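Examination of the molecular architecture
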Amino acid sequence: MAEYTDPRVSAEQMPELSDGEDDFDVDDDEEQWMEEEEEEEGQTVTCLFCDRSLSSVAATLQHCMLEHHVNIVDVIRTHNLDDYGYIKMINFIRSTKCTASSLTELCDTASPWESEDFLRPVLQDDPLLQIDPEELCDIEGPVPPAGVRSHDALLQRARAAEDRARQSEETLARAMDDLHKLKLLAQGLVLKAETCKPGNLGAVAELREDEDEAYFSSYGHYAIHEEMLKDTVRTESYRDFMYRNPEVFKDKVVLDVGCGTGILSMFAARAGAKKVIGVDQSEIIYQAMDIVRSNQLEDKITLIKGRIEDIKLPVEKVDIIISEWMGYFLLFESMLDSVLYARDCYLADGGSVYPDLCNISLAALGDTQRHRDRIAFWDDVYGFNMACMKAAVVPEAAVEVVKAETLISEPAVVQTIDCNSVCLSELEFVSDFCLKITDTTDCTAIVGYFDIFFDKGCGNKVMFSTGPQVTKTHWKQTVFLLEKPIPVQAGAELRGKVTVRKNKRDPRSLLVTFDLGDRKQTYSLL
Ligand code: SAH
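Residues numbered from 1 in each chain as written. Predicted model: local features only at pLDDT ≥ 70, side-chain atom pairs only at ≥ 80, totals over all residues. Heavy atoms only, no water.

Some thoughts on the nonpolar core
The criterion, for reference: We call a set of buried residues a nonpolar core when its members are Ala, Val, Leu, Ile, Met, Phe, Trp, Tyr or Cys and they connect through side-chain atoms within 4.5 Å of each other. Three labels apply to residues, based on accessible area from a 1.4 Å probe with only protein chains included: buried if under 20% of the type maximum, exposed if over 50%, partly exposed otherwise in between.
Formed by 107 residues in total, the largest nonpolar core has its most connected members in Met242, Phe249, Leu255, Ile322, Trp325, Leu330 and Leu331. Among the nonpolar cores identified, the runner-up in size contains 28 residues, and Cys64, Tyr86, Trp113 and Cys137 belong to it.

Shown next, in the form of structure tokens:
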């Protein structure tokens, strides 16, 4: 009677399940802003038109307006000054020592600071050169007196900037998502075109009408099933669970949600089930019908084509639900939603869903070579700077096999799901995590993976992991690259917060946000 053990996952490592609330706060940002303002206040700023030193940029601009009757914001607006124009204007005033009135006269005609010479700073570390003229002009109305540009105002701006950044990240994630959908749609079209008469445009229109069609089309092709069947870690775990626990299946009615080629239905039949019902919306089910007949199991296995949510089962209740619904990072594809629907509609009291327990784990990675390949690469591409591409690369989580030797922390379980009791809303969650660092190096990415357990009522429990330290599966691992590596010390803890939510534009895809101290990045999973 072999009990599974997974030495990497101990009870202490399991944090409490989060309450699922989106509890982001801005405390850290507030502190940062306050520090910045204190710094700004510590610096003195020399007036543009007299020798007075003032305590801040805002105070200086206010002083110029009150004492010298020059509103710098107006000058910026009137001359439509960009960063360079603004710098040149400040240096022009300082170097020519022009008076406020002569500046006003000069400005009436043209900008007298056109020369590139005025790009050279006149004062070392001139605080007036460190501000963004556009931001200055964004403040409506005249510059408020020093001190009035209080924490509140700065905080408001910080929050607005943070909102804008978040919105941009989400827009980007959605755009990438749309691209992926287009790709799936195109694949679907090709597959469909192969099975339709040439010139049958009705099929195209139909495809556009139903977004999920692309998803099911991708499962219509044999190749995806070949890949899953050849994933021996996956398929043998299901087989071993059923064959080694015949007492669980004896004389039971089993529902196989998303039966594909029918492999799990056939395992269940061989394990002693009285009746098995396999459901799949994809056209692969027609192959499954042949397969079931070829194996003389048609008396035991009934196959139904359709979405589990749309069809009506020939029985009221089932004793067991089996399904292989897991996607990348466990929840991608959101197929678990359909299994929960089946559970809530059809599972008899005392019945069970298998697999029942699932963990999502994270670990820190230190793979400088890979980071260089993916990020620094863009700094010099055949002698050209393509650094802007990093903004597209980073937010796209990568599905790839991670070398175990690049792990630089112990893993931490961030979510545990019990398929017999979890509800839909818990599939989106926020979880704090703490990674115990094992190497002194740079953390270049966070890796995510999942473990699956066939546990409830099994004399012979079975589990498998999709982590980097064991045999690889077709799920590989999910890598969330950090734009800038974080230096870490062996023995230290890397603390953070992970948020997993469905992409509202496409609930089958996920948005995963990592909050690591002052860094926050949203990743989309395509
Ligand atoms: N059970 C098979 C196939 C798993 S892949 C195996 O283990 O090899 C998941 C399958 O579920 C796909 O064939 C897909 O078409 C099907 N599927 C996903 N969501 C479904 C739903 N809501 N209703 C019916 N079938 C679904």
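Resuming the write-up.
Quick notes on the site of the ligand
Here is the rule we go by: We call a residue near a molecule or strand whenever a single non-hydrogen atom of that residue lies within 4 Å of it. Polar contact criterion, stated in full: a pair of N or O atoms within 3.5 Å, where within protein one must be able to donate a hydrogen and the other to accept it, and residues adjacent in sequence count only if both atoms are side-chain atoms. Each accessible area is a Shrake-Rupley estimate made with a 1.4 Å probe; only the visible protein chains count as cover when residues are assessed. For helices the rule is a DSSP run of H or I covering at least 4 residues; for strands it is a run of E covering at least 2, with both sets numbered from the N terminus onward. Amino acids are sorted into nonpolar (Ala, Val, Leu, Ile, Met, Phe, Trp, Tyr, Cys and Pro), charged (Asp, Glu, Lys and Arg) and polar (every other residue, Gly among them).
The immediate surroundings of the ligand are formed by 21 residues, with Arg234, Gly258, Asp280, Ile308 and Glu309 found nearest. A distance of 3.0 Å separates a nitrogen atom of the ligand from a polar backbone atom of isoleucine 308. The separation between a nitrogen atom of the ligand and a polar side-chain atom of glutamate 309 is 3.0 Å. When the ligand is considered free in solution it has 570 Å² of accessible area, and contact with the protein chains removes 99% of it. Sorting the residues of the shell around the ligand by element identifies α9 (212–218), α10 (222–230), α13 (263–270) and α15 (335–346) as the ones contributing at least two each. Each residue belonging to the shell around the ligand can be placed in one class, and the counts come to nine nonpolar, seven polar and five charged.

Some words on the packing of helix α11 (residues 232–243) against α13
Inclusion rule: Axes, fitted as lines to C-alpha atoms, cover a helix only where it is in contact. Angles between the N-to-C directions of the axes lie from 0 to 180 degrees. Every angle not falling under 35 degrees, over 145, or within 65 to 115 is termed oblique; those three ranges are roughly parallel, roughly antiparallel and roughly perpendicular. If you view the pair so one helix is near and one far, a crossing is left-handed when the near helix is turned anticlockwise from the far one by less than a right angle, and right-handed when it is turned clockwise. Note on contacts: a residue pair qualifies if any of its non-hydrogen atoms lie within 4.5 Å across the two residues.
Two elements in contact, α11 and α13, have axes separated by 9 Å at closest approach and are oriented at 20 degrees. As summarised for this structure, α11 and α13 are arranged roughly parallel, according to the angle between their axes. Both α11 and α13 take part in a crossing whose hand is right-handed. Seen from α11, the contacting residues are Arg234, Thr235, Tyr238, Arg239, Met242 and Tyr243; seen from α13, they are Ile263, Leu264, Phe267, Ala268 and Arg270. Among the residues forming the contact of α11 with α13, the class breakdown is seven nonpolar, one polar and three charged.

Some details on the pattern of salt bridges
How we decide: By definition here, a salt bridge exists when the distance from a side-chain nitrogen of Lys or Arg to a carboxyl oxygen of Asp or Glu is within 4 Å.
One pass over the full model with this rule turns up 17 salt bridges. Between glutamate 493 and arginine 495 there is a salt bridge, with the nearest N and O atoms lying 3.0 Å from each other. Accessibility expressed as a relative area gives 42% for glutamate 493, which makes it partly exposed. Overall, arginine 495 belongs to the exposed group, its relative accessible area being 54%.

A short note on the packing of aromatic side chains
Using the following cut-off: Pairing of aromatic rings covers Phe, Tyr and Trp, the last counted by its six-membered ring, and requires centre-to-centre distances within 6.5 Å; plane angles under 30 degrees mean stacked, over 60 mean edge-to-face, and any other angle means tilted.
A complete count under the given rule lists 18 aromatic pairs for this structure. An angle of 75 degrees between the planes, with centres 5.2 Å apart, marks the rings of phenylalanine 450 and tryptophan 475 as edge-to-face. Separated by 25 residues along the polypeptide, phenylalanine 450 in strand β12 (residues 441–454) and tryptophan 475 in the loop between β13 (462–465) and β14 (477–488) bring together distant segments of the chain. In this structure, phenylalanine 450 and tryptophan 475 share a single accessibility class: buried. An aromatic cluster of at least three residues, connected via ring pairs, comprises Tyr238, Phe241, Phe249, Tyr354 and Phe454.

Here's the deal with the sheet that holds strand β17 (residues 519–525)
Quick reminder of the rule: Two strands are said to pair when DSSP picks up at least two bridges between them.
With antiparallel pairing, four strands are arranged side by side in an open sheet as β11-β15-β16-β17. Strand pairing shows two members of the sheet lacking a second neighbour, β11 (429–436) and β17, which therefore form its edges. Each strand of the sheet is rotated relative to its neighbour by a mean of 25 degrees, with strand direction disregarded. Bridge count for strand β15 (residues 493–503) against strand β16 (residues 506–516) is seven bridges, and the pairing is antiparallel. Opposite lysine 502, over in β16, you have leucine 510 as the bridge partner.

Considerations on the pairing of strand β5 (residues 301–305)
The criterion, for reference: For a crossover, the right-handed case is the one in which the path from the first strand over the helix to the second runs clockwise, viewed with the strands pointing away from the viewer.
One ladder, built from five bridges, connects strand β4 (residues 275–280) with β5; its direction is parallel. Residue valine 276 lies in a different strand from β5, and its bridge partner there is isoleucine 301. Note on the crossover from β4 through helix α14 (residues 284–294) to β5: the handedness is right-handed.

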